[in-house]
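Commentary on secondary and tertiary structure
What follows is each chain in one-letter form.
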Amino acid sequence: MSKFLGSNAINMDAKGRLAIPAKVREELAQTCGGRIVLTANADEERCLLVYPEPEWEELRPKIEALPNMNKAARRLQRLLLGNAAPMELDSAGRILIPPTLRSYAHLEKKLMLIGQGKKLELWSEERWFAWLDESSDDDEMPPEMEALSL
């Protein structure tokens, strides 16, 4: 099972290429041979989700099985499946972010790669730090979090 943890500040070049940090690259090599799927995050947070291919292949049938007559389910399918971009790290550990996904997530040169256990998130550095500074007073805490002690 993948164990992506931590955050990494990385740069993207003008062509949309970025180098995956060595520690993350090693984990990807072990879990999926460097094959990943990049897609849009369906939340209001405009970041990208980076799934190792086996994690994506486990999730994809669940997304496809959602009732497409339901507006929210259809939106989720369109965002996740419609933006899914399978790719493989090159010999230098780089990937090329498609222009549509760069635009969706407002990605420019400075990026943040955030570990989320089984997947990663790719954020614009500016948007990541703005998100960290936002107040979460309006967010309702789910019951699962109430018992969590950090």
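All of these numbers come straight from a predicted model, not from anything done at the bench. (Residues numbered from 1 in each chain as written. Predicted model: local features only at pLDDT ≥ 70, side-chain atom pairs only at ≥ 80, totals over all residues. Heavy atoms only, no water.)

Section: the overall build of the protein chain
The helix and strand inventory of the protein chain stands at six helices and eight strands. When the elements of the protein chain are put in sequence order from the N terminus, they spell out β-β-α-β-β-α-α-β-β-α-β-β-α-α. The C-alpha atoms of the protein chain give a radius of gyration of 16 Å, which matches the 15 Å a tight globule of 150 residues would have. Seen through its C-alpha atoms, the protein chain measures out along the principal axes to roughly 45 × 35 × 30 Å. Looking at the 150 residues of the protein chain, the share that counts as buried comes to 37%. Sequence separation of 24 or more characterises 61% of the internal contacts of the protein chain that already satisfy a separation of 6 or more. Here the protein chain displays about 9,600 Å² of accessible surface, and carbon together with sulfur accounts for 50% of that area. Once the 20 positive and 25 negative side-chain charges of the protein chain are each reduced to a mean point, those two points are 9 Å apart. (Helix = DSSP H or I, 4+ residues; strand = E, 2+ residues; numbered from the N terminus. Rg over C-alpha atoms; globule rule 2.2 N^0.38 Å. Buried < 20%, exposed > 50% of the residue type's maximum accessible area, 1.4 Å probe, protein only. Contact = heavy atoms within 4.5 Å. Areas by Shrake-Rupley, 256 points an atom, 1.4 Å probe, with all protein chains shown as cover. Lys, Arg positive; Asp, Glu negative; His and termini not counted. Charge placed at Lys NZ, Arg CZ, Asp CG, Glu CD.)

Quick look at the UniProt feature "domain: SpoVT-AbrB" (unreviewed entry) in the protein chain
Here the UniProt feature "domain: SpoVT-AbrB" (unreviewed entry) sits at residues 7-55 and 84-127. Counting secondary structure, residues 7-55 comes out at 29% helix and 39% strand; the distance between its end C-alpha atoms is 20 Å. Overall, residues 84-127 shows 20% helix and 41% strand. The separation of its end C-alpha atoms is 22 Å. (UniProt positions renumbered as here; feature names shortened; annotations may be inferred.)

Observations concerning the environment of Gln116
Relative to the helices and strands, Gln116 resides in the loop between β7 (110-115) and β8 (120-124). For Gln116, a relative accessible area of 41% corresponds to the partly exposed category. Placed 26 residues apart in sequence, Gln116 and Asp90 show a C-alpha to C-alpha distance of 23 Å. Not counting the four nearest positions on each side in its chain, Gln116 is found in contact with Phe4 and Glu121.

Observations concerning a negative patch on the surface
On the surface, Asp43, Glu44, Asp133 and Glu134 cluster together to form a negatively charged patch. Structurally, the position occupied by Glu134 is in the loop between α5 (125-133) and α6 (143-146). (Patch = residues over 30% accessible without salt bridge, like charges linked within 9 Å, V, L, I, M, F, W, Y side chains within 5 Å. Salt bridge = Lys/Arg side-chain N within 4 Å of Asp/Glu carboxyl O.)

Describing the nonpolar core
One finds Leu18, Leu48, Ile97 and Leu122 to be the most contacted residues of the largest nonpolar core, which totals 28 residues. In contact with Leu18, not counting residues within four places along its chain, are Ile10, Asn11, Met12, Gly93, Arg94, Ile95, Ile97, Leu111 and Leu122. (Core = buried A, V, L, I, M, F, W, Y, C linked by side-chain atoms within 4.5 Å.)

With respect to the sheet that holds strand β1 (residues 7-11)
If you walk across this open sheet you meet the six strands as β1-β7-β8-β4-β3-β5, and the pairing is antiparallel. The open sheet is flanked by β1 and β5 (85-88), the only strands paired with a single partner. Averaged over all pairs of adjacent strands, the angle between their axes in this sheet comes to 25°, without regard to strand direction. The strands touched by α5 within the sheet are β1, β7 and β8, with β8 carrying the most contacts at an inclination of about 100°. (Pairing = 2+ DSSP bridges. Axes fitted to C-alpha atoms, helices over the stretch in contact; angles between N-to-C directions.)

Side note on the pairing of β5
Burial of the side chains of β5 is restricted to one face: Ala85 and Met87 are buried, whereas none of Pro86 and Glu88 on the reverse face is. By the bridge criterion, four bridges tie strand β3 (residues 35-40) to β5 in an arrangement that is antiparallel. Paired with Arg35 across the strands is Glu88, a residue of β5.

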